Amino acid sequence: MSSRSIETIAKRAYDLRCDTIRMIAAAGSGHPGGSLSAADIIATLFFGDLMTYDPTRPQWSRRDRFILSKGHAAPIYYAALAEAGFYPKDEMMTLRKFGSRLQGHPDSKKLPGVEVCTGSLGQGLSIASGLAWGLRQQAKTAHEDPQNVFVLMGDGEQQEGQVWEAAMFAAHNHLENLIAIIDNNRLQIDGCCARVMSFDSLGAKYESFGWHVIEVDGHDIELIGDALEIAKSYAEGPSVVIAHTVKGRGVTFMENQAGWHGKAPSEEECACALDDLAVGYERILHDLSLLKGAQ
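Cut-offs and rules
- Residues numbered from 1 in each chain as written.
- Predicted model: local features only at pLDDT ≥ 70, side-chain atom pairs only at ≥ 80, totals over all residues.
- Heavy atoms only, no water.
- Helix = DSSP H or I, 4+ residues; strand = E, 2+ residues; numbered from the N terminus.
- Rg over C-alpha atoms; globule rule 2.2 N^0.38 Å.
- Buried < 20%, exposed > 50% of the residue type's maximum accessible area, 1.4 Å probe, protein only.
- Contact = heavy atoms within 4.5 Å.
- Axes fitted to C-alpha atoms, helices over the stretch in contact; angles between N-to-C directions.
- Parallel < 35°, antiparallel > 145°, perpendicular 65-115°, else oblique.
- Left-handed = near helix turned anticlockwise from the far one by under 90°.
- Nonpolar A, V, L, I, M, F, W, Y, C, P; charged D, E, K, R; others polar.
- Pairing = 2+ DSSP bridges.
- Phe/Tyr/Trp six-rings, centres within 6.5 Å; stacked < 30°, edge-to-face > 60°.
- Lys NZ or Arg CZ within 6 Å of the ring centre and 35° of its normal.
- Core = buried A, V, L, I, M, F, W, Y, C linked by side-chain atoms within 4.5 Å.

Considering the overall build of the protein
And step 1. Helix and strand counts for the protein come out as ten helices and seven strands.
And step 2. Its C-alpha radius of gyration of 18 Å places the protein within 12% of the 19 Å reference for a compact globule of 295 residues.
And step 3. Buried positions account for 54% of the 295 residues belonging to the protein.
And step 4. Residue pairs at least 24 apart in sequence account for 76% of intrachain contacts in the protein once pairs closer than 6 positions are excluded.

Considering the packing of helix α3 (residues 39-47) against helix α4 (residues 74-84)
And step 1. Orientation of α3 relative to α4, taken along the N-to-C sense of each, is 30 degrees, at an axis distance of 10 Å. Judged on the interaxial angle alone, α4 and α3 are roughly parallel. Between α3 and α4 lies a crossing whose hand is right-handed. Touching Ala39, Ile42, Phe46 and Phe47 of α3 are Ile76, Tyr77, Ala80, Leu81, Glu83 and Ala84, all from α4.
And step 2. Among the residues forming the contact of α3 with α4, the class breakdown is nine nonpolar, no polar and one charged.

Focus: the pairing of strand β2 (residues 149-154)
And step 1. A large share of β2 lies buried, amounting to six of its six residues.
And step 2. Burial along β2 is two-sided: Val149, Val151 and Met153 and Phe150, Leu152 and Gly154, pointing in opposite directions, are all buried.
And step 3. Bridge count between strand β1 (residues 65-68) and β2: four bridges; the pairing is parallel. Opposite Arg65, over in β2, you have Val149 as the bridge partner.
And step 4. Inspection of the sheet shows β2 paired to strand β3 (residues 178-184) by six bridges, in the parallel sense.

Observations regarding the packing of α3 against helix α9 (residues 221-233)
And step 1. Remark: α3 packs on α9, axes separated minimally by 10 Å, with the N-to-C direction vectors making an angle of 55 degrees. Classified by the angle between their axes, α3 and α9 sit oblique to one another. The handedness of the crossing between α3 and α9 is right-handed. On the side of α3, the interface is formed by Asp40, Ile41, Thr44 and Leu45, while α9 contributes Ile221, Ile224, Gly225 and Leu228.
And step 2. Of the residues that constitute the contact of α3 with α9, the class distribution is five nonpolar, two polar and one charged.

Thoughts on the packing of aromatic side chains
When we look at a pair of aromatic rings, we describe it by the centre distance and by the angle of the planes.
And step 1. Evaluation of the coordinates by the stated rule reveals eleven aromatic pairs.
And step 2. Each residue in the set Phe46, Phe47, Tyr53, Phe66, Tyr77 and Phe86 is aromatic and connected to the rest through ring pairs, giving one cluster.
And step 3. Looking at Arg12, its charged tip hangs above the ring of Phe47, at a distance of 4.4 Å from the centre.
And step 4. Its guanidinium or amino end placed over the ring of Trp260, Lys263 lies 4.2 Å from that ring's centre, counting from NZ or CZ.

Observations regarding the nonpolar core
And step 1. With 51 residues, the main nonpolar core has Ile42, Phe46, Phe66 and Tyr87 as its most contacted residues.
And step 2. Ranked by the residues each element gives to this core, the list is headed by α4, at nine residues.
And step 3. Ignoring anything within four residues of it in the chain, the contact list for Tyr87 reads Tyr78, Ala79, Leu81, Ala82, Met92, Arg101, Leu102 and Leu111.
And step 4. Leu135, Val163, Leu175 and Leu178 belong to the second largest nonpolar core, which has 27 residues in total.

Pasting the structure below:
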């Protein structure tokens, strides 16, 4: 990826994080930790020319599909959909309000761009596998390449048995158009994932199930983009990108704190969080300018 596109995506990720904090603060409830950890992944996928979609035609048959299996991270998803033009940005502040299209978990019957209702952890990979299989069957009939299906899961979600049933199905059917991404921030609502139920050697587990595995720094936009490009071009079966992330990324008092899994910031905390994000974004711009200079 060019330094210019990295800079553009970094700005998107910063905007998505700020919108997420504002939305959750205004709602008085929500899940900031896992939304912030996924921001760079979501920004790269939606705004890095990796996924085909048209916000003016949300049901366009040739679109790629995205499924947020970790549905509690809906705020970062809603922020991306607004940024992409699926619905008006001024509607973001209605998150979790009575009558809002922005429910606590994504609802495909309410908001354009949401493919399926999610929130019950463990189900997203099954849904994505079925979609990928169906799209491939349609593509064979039409003599076309199948659309890709991207699914973002949490790491704590890997403790669900249904994930591994779906992993077997996808590998058995060689679903080359299925790309899973794991937001591996190592924390879940009850604390450290390793303490709740360890899933050491996650990459080796997926490899043993027949998946193509790529592991990256989930906050390095260039590496995320490269990993997703490799996954898209892999033709032997499904791919999984294990993105190593930091829960609450960008807000110092939220980082690596399980307590911020599902807690809204106060008005004062919201202001502090936005200041933190601004400082971090300036640091990113400085690093990118040094990179340009070195080139």
